[in-house]
Amino acid sequence: MTDIQEENKIDLAVYMSDGIARLMAKAYKNVLSNPREAKFAFRMQQTFSKSEKRRKKVKEQEDLDVPTFLISSISTTCNLHCKGCYARSNGIANDVVADRKATLTPQQWRDIFTEAAEMGVNFSLLAGGEPMMRRDILEAVSEVKDMIFPIFTNGTLIGPTYLEFLRTHLNMVPIISIEGNDTATDERRGRGVFQRAMQAMERLKQEQLFFGTSITVTTENYHKVTSVEFMDQMAACGCKIVFFVEYVPTEVGTEHLALDEAQVMELEQRMEQLRKTYENIIFFSFPGDEKETGGCMASGRGFFHIGPDGSAEPCPFSPFSDSNVVTMGLRGALQSPLFSKIRDARALGWEHTGGCTLYEHREEISKLL
Ligand code: SF4
């Protein structure tokens, strides 16, 4: 147990494994009416209990805590220009080819996730930029059958060819990003984007594919997007997973949109209510209930971020790195000096007002490099 866990009497490995077992049990129950998805969910339940043993083995033999999930930014391009896009402000997504970060090959991403699966990692959220702009990488990644890849997409590219791909690769799960209703979504993402996202959901529903939505939660929309009226709409669209992502003010002047501590607690309470009301929907919040997890889960404690060039970063909102998973492997990245210093400095438990501890303390984190 690390200091934070000791201090908060939480064994994160057990907490995460239990959480995943509950998640998969609920997912399995959700898709029972669909034999193909049910067969897949059942297989993944078996796989994930094996993964838990793999994580335990790595812990015993190498004294290394293996995170249960990763966040991987596989694309440096996007077909939208959303206001306040953290990927564009962090330099992950860029329209100017010459200014784009180097990107890994599909083979390199497949190798990274093959090592991850062997260590017992269950999921990698795929982000960017727009991940569906990199079909070549998605094809390669989908071959790592012992992992599930939630694809955080704006949904505008989900047409017949992607439907065929998703039908064939059930471990690729589309999570369509919106801001709430049509007005809020189009206001931030551009005119007509909400309609295109709803059309994508309709196509996925007709195909009986397992999918979800991701909603950026701000002080302006958190009541609306956690309301029964809005969630009825998402349930009717066929969403089986809902991610509430707390807004992180990476754009100067948008600090007022970040939830404060009281609002984060209210969000967690409203999610508890939604879990009771919508038994067949799985709800997550990011960065989640840090009180439950004894602080932030970045820097390999519960997850870490892999940049488009393979750089290992504590979190997408903390773009600092001193290691690369291609040259050092996942094991090397997990033991990187920066990650160790962040964990040793107990930075993951530092006080903070908005959604992201490390973003708020970015000056101090940059000094640890
Ligand atoms: S879709 Fe995502 S990556 Fe693209 S501009 Fe919008 S927020 Fe940024």
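See above for the structure.
Residues numbered from 1 in each chain as written. Predicted model: local features only at pLDDT ≥ 70, side-chain atom pairs only at ≥ 80, totals over all residues. Heavy atoms only, no water.

1. Description of the packing of aromatic side chains
One pass over the structure, following the stated rule, counts 12 aromatic pairs. Ring geometry for phenylalanine 113 versus phenylalanine 149: centroids 5.0 Å apart, planes at 65°, classification edge-to-face. Note that phenylalanine 113 is positioned in helix 5 (residues 106–119) and phenylalanine 149 in strand 3 (residues 149–153), a separation of 36 residues in sequence. Relative to phenylalanine 165, the ring of tyrosine 162 has its centre 6.0 Å away and its plane inclined at 80°; by these criteria the two rings are edge-to-face. In this pair, tyrosine 162 and phenylalanine 165 are both assigned in helix 7 (residues 160–168), three residues apart and thus about one turn of the helix distant. Taking relative accessible area as the criterion, tyrosine 162 reaches 5% and is therefore assigned buried. A residue is classified by how much of its surface remains accessible, and phenylalanine 165, at 2% relative accessible area, is buried. Three or more aromatic residues joined by ring pairs form one cluster here, namely Phe69, Phe286 and Phe303. We note arginine 362 situated over the ring of tyrosine 359; from NZ or CZ to the ring centre the distance is 4.0 Å. (Phe/Tyr/Trp six-rings, centres within 6.5 Å; stacked < 30°, edge-to-face > 60°. Helix = DSSP H or I, 4+ residues; strand = E, 2+ residues; numbered from the N terminus. Buried < 20%, exposed > 50% of the residue type's maximum accessible area, 1.4 Å probe, protein only. Lys NZ or Arg CZ within 6 Å of the ring centre and 35° of its normal.)

2. Description of the environment of glutamate 164
Note that glutamate 164 resides in helix 7. Here the alpha-carbon distance between glutamate 164 and glutamate 207, two residues 43 residues apart in the chain, equals 9.5 Å. At 2.4 Å, the side chain of glutamate 164 and the side chain of arginine 167 are in polar contact. (Polar contact = N/O pair within 3.5 Å; in protein donor to acceptor, adjacent residues only side chain to side chain.)

3. Considerations on the side chain of serine 311
Its place among the elements puts serine 311 in the loop between strand 8 (305–306) and strand 9 (312–313). Assessed through its relative accessible area of 8%, serine 311 is described here as buried. Side chain to side chain, serine 311 and aspartate 309 meet in a polar contact 2.8 Å long.

4. Concerning the pattern of salt bridges
For the structure shown, the criterion picks out 18 salt bridges. With its nearest N and O atoms 3.1 Å apart, the salt bridge here joins glutamate 179 to arginine 188. Residues glutamate 179 and arginine 188 agree in their burial class; the two are buried. When salt bridges with common partners are traced through the structure, they connect Arg43, Arg54 and Asp146 into a single cluster. (Salt bridge = Lys/Arg side-chain N within 4 Å of Asp/Glu carboxyl O.)

5. Observations regarding the site of the ligand
Around the ligand, a shell composed of Cys78, Leu80, His81, Cys82, Cys85, Arg88, Gly129, Asn154 and Arg189 is seen. Tallied by class, the residues present in the shell around the ligand amount to four nonpolar, three polar and two charged. (Near = heavy atom within 4 Å. Nonpolar A, V, L, I, M, F, W, Y, C, P; charged D, E, K, R; others polar.)

Nothing here speaks to function; it is all geometry.
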